[in-house]
Number of protein chains: 2
Amino acid sequence: MALSCELRAGEFRSRNLAGCIAALLLVAGVGEAFGRTAARSPAAALPSQVVELQRAALAATTAADLARSLATEAGPRPSGSVGLARGVEWGLRTMKDLGFENVHPEPVTVPHWERGIADGTILSPYPQTLALVALGGSIGTPESGIDGDVVATENLESLAKLPPDAVKGHIVYFGERMLRTRDGAGYGKTVAIRGKGASAAADLGAIAVVIRSVGTDSTRLPHTGGMSYKEGGAKIPAAALSNPDADLLERELASGKPVRLHLHLTARMLPDVESANVVGEVRGRELPQEIVLLCGHLDSWDLGTGAIDDAAGVGNAMAAGAAIAKLAERPRRTIRIVLYTNEEFGLSGGKAYAVTHADEAAQHQAALESDLGSGKVYALLTALAPDDGALAAEIARGLAPLGITLDASKPAAGGADISPLKALGVPILDLAHDATSYFDFHHTANDTADKLVPGDMAQATAAYATAAWILADRPARLARVPVVAEKP
Amino acid sequence: MALSCELRAGEFRSRNLAGCIAALLLVAGVGEAFGRTAARSPAAALPSQVVELQRAALAATTAADLARSLATEAGPRPSGSVGLARGVEWGLRTMKDLGFENVHPEPVTVPHWERGIADGTILSPYPQTLALVALGGSIGTPESGIDGDVVATENLESLAKLPPDAVKGHIVYFGERMLRTRDGAGYGKTVAIRGKGASAAADLGAIAVVIRSVGTDSTRLPHTGGMSYKEGGAKIPAAALSNPDADLLERELASGKPVRLHLHLTARMLPDVESANVVGEVRGRELPQEIVLLCGHLDSWDLGTGAIDDAAGVGNAMAAGAAIAKLAERPRRTIRIVLYTNEEFGLSGGKAYAVTHADEAAQHQAALESDLGSGKVYALLTALAPDDGALAAEIARGLAPLGITLDASKPAAGGADISPLKALGVPILDLAHDATSYFDFHHTANDTADKLVPGDMAQATAAYATAAWILADRPARLARVPVVAEKP
């Protein structure tokens, strides 16, 4: 116990003696809840395997090393790109190097959208060049570009209240600002503008949309991200301004003079491309056909090198699996590491996995995705069947030495890639990463390897390894979770 | 006094009661040092004009409003550009709006370098697109670009120690990292790489240079800035990588494999352009022919809108002048506000002013330039004749209520624009801005109006107004300063 506390003190600057004592009090007497094969550290009452996993993970920088390697060696990995193909190769090669079993690609057809160039200028009242990027999936403009007067609105709701004449023939600007929160909730509140703003504006006769970046920074690097057009609706070009450029546009609008923009985008769709999910396993010792799925996604947006989104998740999942593989004894069930292809632009990998493994869905004990950056984990959320509710507290006790608490206020949302599994009743757990700064970099050119914090990722690795091991070694199989109707 | 303290408490978050009391103790009994016409606040013993200037400046956001207006309405203002011409127009118009006297342009011929495009990629071992910009003044590459293997070095000194064969035919990468300091001293330590690196490498047979940006951020927005070629030497293209891209290049170099780059720059020189310094005055009541010069520069680099470099300085100087103009009585001497053209790319405006006003140099009581961003002022430095040394402490006592202390450890350096005046013996003062974050944004696309902090600029305005008023109202004329041999 003392040893464990000393190690943690070396790893986490924010921990102190009081926190250490509190954590140890929390875990006291928990031993009986764990699987009967778990050898126990007598003082901490944590399974020795959990103690060992946390010790090993916290002493290493494996997750950050892996994420940095992927970002450096494969580079940007947008759906359909050569970079994504390099990412798949990297995944296969690196999984084998780490000693995973049953390493193989699972073919997935992915879309191929090409960004091209995006030029935007304010023509009047004060000429300025704008830092903007096409939203993923946007059509291009005519070769000569589009000129139009700007009508400003906040979001989809305020757009709907504008008089039709105010929108028709205009370029719509959506100005709502994403709020910074630890859990990233601000993203959910504004991302619909990015996804649906173009079609909503096109329905009212707009000729293009520009949005304030869905991001929390004040850097002139706009945030891209997926958008889609309503089936059968008009398609108009859609671009995102960096936050400082949105501020500039708003200052020009505040002059009271008409504000006229020129936009030129060469974005376009190309034919689909063959890609692959990359799968590797740490086979279980008793129930190898039953699976705890740990995952991240290999693809990224094209502007940066996808270090935090989601090489970090790839690194966390692989490092956690590798730590479990190094234990003296395997857990009962198989840990399956899945590196999904194309999460960002239509979820091709996640959907394909659920189809390919439909027969096996009932064998999935649980699934966890790491896809909220490289920050520390601060909370556990679960989406379990009612009969398995006690497991949440059991896992939380295992995570307590890492400074992680149970958040029972809402169910786990699950990463996007595992949402199709969730829809099949597979139990889902979220390890909530501190995303306070994540949306400064998310989907921008600034998503690069220097943003990775190895110590924070080591803590996250320890958390994923702990949760996965408890789930995998638990004697009982988890019940399927009643599926609440929601969008897949 | 109480009123003054309350006002300051409202303006400066960092100030507290203890600081306020300390400041008041510092200024107690200082009255006799000030000019005899100065009416005194009985408690603080500061001239009532200084108290009023500080009160008025701290209660307003004039400097930030002006800087934001220049950045918004004129946009980027590189030497020779349409934006710079708009900046000159803005300066003339705004000086008149503020009620300055004798507002006029003074013609200056400025160079016109065009950035064009800059593409850079790592070809091998791991293909990556680099965020890089041409350095100001660089030649372009051939149309097909330049391919070359990279030889890495730290700085000019380490380059000189490389074996000649290691450099010849290579692209030289300079990797020295600028350190973050409050006074910006890290800039002086690395900027020579930017200015002279290309010629130093060309002398050894290099085909191009790429440097780590001279900047303190970790954002993928490279820092441009002026460079020049040695007369008669070979000219090779020169570009700056953003810090994250320099990190990436170093990771590829660390692989031990040869690193090959492709560079394509279309930068070029165009014919000179006519521009102008913009001059306006607050005429003195007794000695109007004697001048206290307050200045900033109108031009900026082209990547951002030059909000902190140097619309901030323009705003500080103009707002300080405007505050003095609003006093019930003018100071003895004239406050001359000069907004220099083209500081960034060869100092055309500063050199031209010194030539145009050579006959008047002896009439310049002192000169102060604001050209280190929009941060608070924390120190006063002076370069005065030995007989006038006591004036430094006198001005410092006037600045003490603003939290500014005298730094007698070294002489004032003076802004670049007033260096030609300094060379003529004009006394120089520096109000040292807190530049801790200045070099995160300096010479990048990120130098935009959202980076301006109105409260900090109000404090700086108060400081410039205080120093200028004391210098202008002081009965005695300052002696000329012996010129120490240095580069002009």
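Treat the numbers as computed from the prediction; the structure is a model and nothing was measured.

Rules of the game
- Residues numbered from 1 in each chain as written.
- Chains lettered and ligands numbered in written order.
- Predicted model: local features only at pLDDT ≥ 70, side-chain atom pairs only at ≥ 80, totals over all residues.
- Heavy atoms only, no water.
- Helix = DSSP H or I, 4+ residues; strand = E, 2+ residues; numbered from the N terminus.
- Rg over C-alpha atoms; globule rule 2.2 N^0.38 Å.
- Buried < 20%, exposed > 50% of the residue type's maximum accessible area, 1.4 Å probe, protein only.
- Areas by Shrake-Rupley, 256 points an atom, 1.4 Å probe, with all protein chains shown as cover.
- pLDDT = per-residue confidence, 0-100.
- Contact = heavy atoms within 4.5 Å.
- Least-squares fit on C-alpha atoms with pLDDT ≥ 70 in both.
- Salt bridge = Lys/Arg side-chain N within 4 Å of Asp/Glu carboxyl O.
- Pairing = 2+ DSSP bridges.
- Axes fitted to C-alpha atoms, helices over the stretch in contact; angles between N-to-C directions.
- Right-handed = clockwise from strand over helix to strand, strands pointing away.
- Buried area = accessible area lost by both parts, 1.4 Å probe.
- Polar contact = N/O pair within 3.5 Å; in protein donor to acceptor, adjacent residues only side chain to side chain.
- Nonpolar A, V, L, I, M, F, W, Y, C, P; charged D, E, K, R; others polar.

A word on the overall build of chain A
Right, so step 1: Across its full length, chain A holds 15 helices and 16 strands.
Right, so step 2: Compactness check: chain A gives a C-alpha radius of gyration of 24 Å against a globular reference of 23 Å for 488 residues, within 12% of the reference.
Right, so step 3: Principal axes of the C-alpha set define a box for chain A whose edges measure 75 × 45 × 40 Å.
Right, so step 4: For chain A, buried positions account for 60% of its 488 residues.
Right, so step 5: For chain A, the accessible surface area stands at approximately 17,700 Å², while carbon and sulfur atoms represent 57% of it.

Looking at the confidence of the model for chain A
All names here are of chain A.
Right, so step 1: Of the residues in chain A, 90% have a pLDDT of 70 or more, and the chain-wide mean is 92.
Right, so step 2: Segment residues 1-43: pLDDT under 50, and 72 contacts once partners within four positions in sequence are set aside and those in other chains are kept.
Right, so step 3: Reported confidence for the predicted complex is 0.88 by ipTM and 0.89 by pTM.

Quick word on the relation of the copies chain A and chain B
Right, so step 1: When chain A is brought onto chain B, the operation consists of a screw motion whose angular component is 180 degrees and whose axial shift is 0.0 Å, with 0.0 Å RMSD remaining. On the angle and the small slide along the axis, the relation comes out as a two-fold axis.
Right, so step 2: A high fraction, 100%, of the interface residues of chain A reappear at the interface in chain B, so the copies pair face to face through one surface.

Observations concerning the pattern of salt bridges
Any two side chains of opposite charge can pair, so long as their charged atoms come close to each other.
Right, so step 1: Going through the model one piece at a time under the given rule, you end up with 50 salt bridges over all chains.
Right, so step 2: Residues D149 of chain A and R260 of chain A are paired through a salt bridge, measuring 3.0 Å at the closest nitrogen-oxygen approach. Pair noted here: D149 of chain A is in strand β5 (residues 146-153) and R260 of chain A is in strand β9 (residues 260-265), with a separation of 111 residues, a long-range link.
Right, so step 3: For R260 of chain A, a relative accessible area of 31% puts it in the partly exposed group.
Right, so step 4: Across the pair D473 of chain B and R285 of chain B runs a salt bridge, and its minimum N-O distance is 2.9 Å. A residue pair is termed long-range when its members are at least 10 positions apart, and D473 of chain B in helix α15 (residues 454-473) and R285 of chain B in the loop between β10 (268-282) and β11 (287-297) qualify at 188 residues.
Right, so step 5: D473 of chain B sits in the buried class, given a relative accessible area of 2%.
Right, so step 6: Among the charged side chains, a salt-bridge network with shared partners connects R285, E286, E329, R332 and D473 of chain A.

Details of the sheet that holds strand β2 (residues 118-124) of chain A
All names here are of chain A.
Right, so step 1: Taken in spatial order, the 8 strands make up an open sheet running β3-β2-β9-β5-β6-β7-β8-β4, and their pairing is mixed. Across the chains shown, the open sheet's two edge strands, defined by having one partner strand only, are β3 (128-130) and β4 (132-134). Each neighbouring strand pair of the sheet contributes to a mean axis angle of 30 degrees, computed without reference to strand direction.
Right, so step 2: Pairing between strand β7 (residues 208-212) and strand β8 (residues 238-241): 4 bridges, direction parallel. Bridge pairing links I211 to A240 in β8.

A look at the side chain of N446 of chain A
Right, so step 1: Looking at the element boundaries, N446 of chain A is found in the loop between α14 (438-441) and α15 (454-473).
Right, so step 2: Residue N446 of chain A is classed as buried on the basis of its relative accessible area of 2%.
Right, so step 3: Ignoring any residue separated from it by four or fewer positions in sequence, one finds N446 of chain A in contact with T219, L221, F441 and K451 of chain A together with S218, T219 and R220 of chain B.

Looking at the pairing of strand β14 (residues 377-383) of chain A
All names here are of chain A.
Right, so step 1: Burial analysis of β14 places 7 of its 7 residues in the buried class, which makes it a mostly covered element.
Right, so step 2: Bridging between β14 and strand β16 (residues 428-433) involves 6 bridges; their strand directions are antiparallel. When the sheet's bridge partners are listed, A379 is paired in β16 with A432.
Right, so step 3: Sheet topology places β14 next to strand β15 (residues 405-406); 2 bridges connect them, and they run parallel. By the bridge assignment for β15, L380 is matched with L406.
Right, so step 4: Handedness of the crossover is the feature at issue here: the chain leaves β14, passes through helix α12 (residues 390-399), returns alongside β15, and the resulting connection is right-handed.

Things to note about the interface of chain A and chain B
Right, so step 1: Facing the 28 residues of chain A at the interface are 28 residues of chain B.
Right, so step 2: Between chain A and chain B, roughly 2,000 Å² of surface is buried when both sides are summed, and carbon and sulfur atoms account for 52% of that area.
Right, so step 3: Sorting the residues of chain A by area buried against chain B places T72, R220 and R251 of chain A first, and these three jointly supply 28% of that buried surface.
Right, so step 4: Where chain A packs against chain B, one counts 14 residue pairs in polar contact (both at pLDDT 80 or more).
Right, so step 5: Elements supplying a minimum of two residues to the side of chain A that touches chain B: α4 (62-74) and α9 (243-254) of chain A.
Right, so step 6: For the side of chain A that touches chain B, the element with the highest residue contribution is α9 of chain A, accounting for 5 residues.
Right, so step 7: For the side of chain A that touches chain B, the class distribution of residues is 10 nonpolar, 9 polar and 9 charged.

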